[in-house]
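A structural walkthrough
Chain by chain, the residues run as shown.
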Amino acid sequence: MSLDDITARIRAAAKNADRPVDSVTLIAVSKVQPDARVAAVLDAGHRCFGENRVQEAAGKWPGFREIYKGIDLHLIGPLQSNKVRQAMELFQSIHSVDRPKLARAIARVAQEEGHCPDLFIQVNTGEEDQKAGVLPADTDSFIAECRDLDLPLKGLMCIPPVDEEPSLHFALLAKIAARNGLSGLSMGMSSDFESAIAHGATHVRVGSAIFGARQAG
């Protein structure tokens, strides 16, 4: 499936939800993709990309940024506290703020550097032991804690359990965001982004449907 196909489906889903067709940002998830595939999407005019690991992004994107202007890079994977400064230099948005220690580390570097990426709090909507994210019951207080640190919260992010109906998790995330006055909803991937858009997603993370299967290494 091509970038144009995905873009057309996103616009159609937004229209079906009675939303502006440009109200959804497509994050092309380029993690573990060969440079040639990424360059092809850049050549097609797309500029918003998502990476899972700081180290991989640091080895890939400075070179692309020398060639292509206006790249908007999003960290969608876990962030270690000791990688915060490097992440804040590379990424325009971080979607995986998931614990007080990390929030404090971001706030400290933001104070020192005078800038901060847009931030999304990752919510573990399925309450899965193996998955990162704030539990739904703890999200309101964590949002308040981040605001007390003057962090630029954009919204919330979730990754639904693979064996559950994703729309239930999208609806839960939207409900938590609404009661906290947050407009950003980072949710929906290749298999379910249209459902996410119907529930208010502002950012969808699509990888394999654009690039094809991931290649390790």
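Just so we're clear, the structure is a prediction, and the values are computed from it rather than from any experiment.

1. Comments concerning helix H6 (residues 136-148)
Its 13 residues give H6 an end-to-end C-alpha distance of 19 Å, which sits within 8% of 18 Å, the value for a rise of 1.5 Å per residue. On its buried face, H6 sits against strand E4 (93-97), helix H5 (100-113), strand E5 (118-122), strand E6 (153-157) and helix H7 (166-179). One or two positions beyond H6, positive phi appears at Asp 150, with a value near 60 degrees.

2. Here's the deal with the pairing of strand E3 (residues 72-75)
Note that strand E2 (residues 48-51) and E3 share 4 bridges and pair parallel. The residue of E3 that forms the bridge with Glu 51 is Leu 75. Following the chain from E2 across helix H3 (residues 54-67) to the adjacent parallel E3, one finds a crossover that is right-handed. Pairing of E3 with E4 involves 2 bridges; the strand directions are parallel. Each bridged residue has a counterpart across the sheet, and for Leu 75 the counterpart in E4 is Ile 94. After leaving E3, the chain enters helix H4 (residues 84-90) and then returns to the sheet as E4, a path that is right-handed.

The rules we used
Residues numbered from 1 in each chain as written. Predicted model: local features only at pLDDT ≥ 70, side-chain atom pairs only at ≥ 80, totals over all residues. Heavy atoms only, no water. Helix = DSSP H or I, 4+ residues; strand = E, 2+ residues; numbered from the N terminus. Expected span 1.5 Å × (residues − 1). Contact = heavy atoms within 4.5 Å. Pairing = 2+ DSSP bridges. Right-handed = clockwise from strand over helix to strand, strands pointing away.

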